[in-house]
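Structural overview for review
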Amino acid sequence: VKRQQINNITISENNSANELSRQIVAKRAQWVEGYWIFYDCIITDYENGKIKGQPQIYKEKDILLDEKPRDIQRANLQPDLMSYWQLKKYIRRLKSSGFKANKELVTFYNKIAFPLANFIIIFFAVPFTLTRERNENIFLGVAMSIGISFSYWGFNAVCLSLGKIGILHPLLAAWLTNIVFTLVGIGLIESLKK
């Protein structure tokens, strides 16, 4: 980013049917006053999956792209480390480029769902604290709290993994643990009433 340069570039452009329409390959690109200069560049056009005409070879070629050096820097961020708004914008760009964004969507929804874990674990643990006598072993209560927390964390990790590989819908993957633990907590409280 400091040098405003990219090395070993391959850019694939797709048409509306999500088929390859153009590919740009270059050894290096330099950002200069609002556009990229590509060096040792080959541009190949495609039609119906086949090369259309002869590839165009350039020692130096000015190419106007939407991506600026700061956009490329942001693209190198990990979705887990992005803010809510950065991730939302990144997902929008991925989708508009024709890519699936399951992993990013799961992370996006989990940014809202996971902070509620504290309340849900407390809600889940209330029935256990109400059934204990004051003079019973405190260590057992602490051990149960740790066990519930690890159960939540493990179940959540499995759900998120299933969402990232596409078995669960991203929204469901992020919220399923909260739903299950809330329902189990409600069931335990109802059983105490009886």
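Anyway, here's the lowdown on the structure attached to this text.

Definitions and limits used
Residues numbered from 1 in each chain as written. Predicted model: local features only at pLDDT ≥ 70, side-chain atom pairs only at ≥ 80, totals over all residues. Heavy atoms only, no water. Helix = DSSP H or I, 4+ residues; strand = E, 2+ residues; numbered from the N terminus. Buried < 20%, exposed > 50% of the residue type's maximum accessible area, 1.4 Å probe, protein only. Contact = heavy atoms within 4.5 Å. Areas by Shrake-Rupley, 256 points an atom, 1.4 Å probe, with all protein chains shown as cover. Core = buried A, V, L, I, M, F, W, Y, C linked by side-chain atoms within 4.5 Å. Phe/Tyr/Trp six-rings, centres within 6.5 Å; stacked < 30°, edge-to-face > 60°. Lys NZ or Arg CZ within 6 Å of the ring centre and 35° of its normal. Salt bridge = Lys/Arg side-chain N within 4 Å of Asp/Glu carboxyl O. Patch = residues over 30% accessible without salt bridge, like charges linked within 9 Å, V, L, I, M, F, W, Y side chains within 5 Å. Lys, Arg positive; Asp, Glu negative; His and termini not counted. Charge placed at Lys NZ, Arg CZ, Asp CG, Glu CD.

Looking only at helices and strands, the protein features six helices and five strands. In sequence order, the protein lays out its α and β elements as β-β-β-β-β-α-α-α-α-α-α. When burial is assessed residue by residue, the protein has 25% of its 194 residues classed as buried. Sequence-distant contacts in the protein: of pairs separated by 6 or more residues, those separated by 24 or more amount to 47%. Here the protein has roughly 13500 Å² of accessible surface; of this, 58% comes from carbon and sulfur atoms.

This paragraph deals with the nonpolar core. Of all hydrophobic cores here, the largest spans ten residues; its members are Ile9, Ile24, Ala26, Ala29, Trp31, Trp36, Phe38, Cys41, Ile43 and Ile63. Of all the secondary structure elements, the ones that give two or more residues to this core are β2 (20-32) and β3 (35-47).

We now examine the packing of aromatic side chains. Evaluated as defined, the whole model comprises seven aromatic pairs. Consider the rings of Tyr152 and Phe181, whose centres lie 5.2 Å apart with planes at 75°: the pair is edge-to-face. Taken as a pair, Tyr152 in helix α5 (residues 138-164) and Phe181 in helix α6 (residues 170-193) lie far apart in primary sequence, 29 residues in all. Through successive ring pairs, a cluster of aromatic residues spans Tyr84, Trp85, Phe108 and Tyr109. For Arg28, the ring lying beneath its charged end belongs to Tyr39, and the centroid distance is 4.2 Å. One cation-aromatic arrangement involves Lys61 over Tyr58; the distance from NZ or CZ to the ring centre is 4.8 Å.

Examined against the element boundaries, Pro55 turns out to sit in the loop between β4 (50-51) and β5 (56-63). When its relative accessible area of 35% is taken as the criterion, Pro55 is described as partly exposed. Between the C-alpha atom of Pro55 and that of Ile24, which follows or precedes it by 31 residues, the distance is 9.7 Å. Those residues in contact with Pro55, other than ones at most four positions away along the chain, are Ile42, Ile43 and Thr44.

Right, let's talk about the pattern of salt bridges for a bit. Under the definition given, this model contains two salt bridges. Two residues, Asp45 and Arg22, come together in a salt bridge whose shortest N-O distance is 2.8 Å. Placement of the pair is Asp45 in strand β3 and Arg22 in strand β2, with a sequence separation of 23 residues. For Arg22, a relative accessible area of 29% translates into the label partly exposed. Across the pair Lys59 and Asp40 runs a salt bridge whose closest N-O atoms are separated by 3.2 Å. You can see Lys59 sitting in strand β5 and its partner Asp40 sitting in strand β3, a full 19 residues away along the chain.

Residues Lys68, Arg70, Lys88, Lys89 and Arg92 make up a contiguous surface patch of positive charge. No other element matches the three residues that helix α2 (residues 84-96) contributes to the positive patch. Here Arg92 lies in helix α2. Overall, the relative accessible area of 52% leaves Arg92 in the exposed class.

Turning our eyes to something else, we now look at the environment of Phe99. With respect to the helices and strands, the residue Phe99 is situated in the loop between α2 and α3 (102-113). The class of Phe99 is exposed, set by a relative accessible area of 54%. As for Phe99 and Asn18, which are separated by 81 residues in sequence, their C-alpha atoms are 9.4 Å apart.

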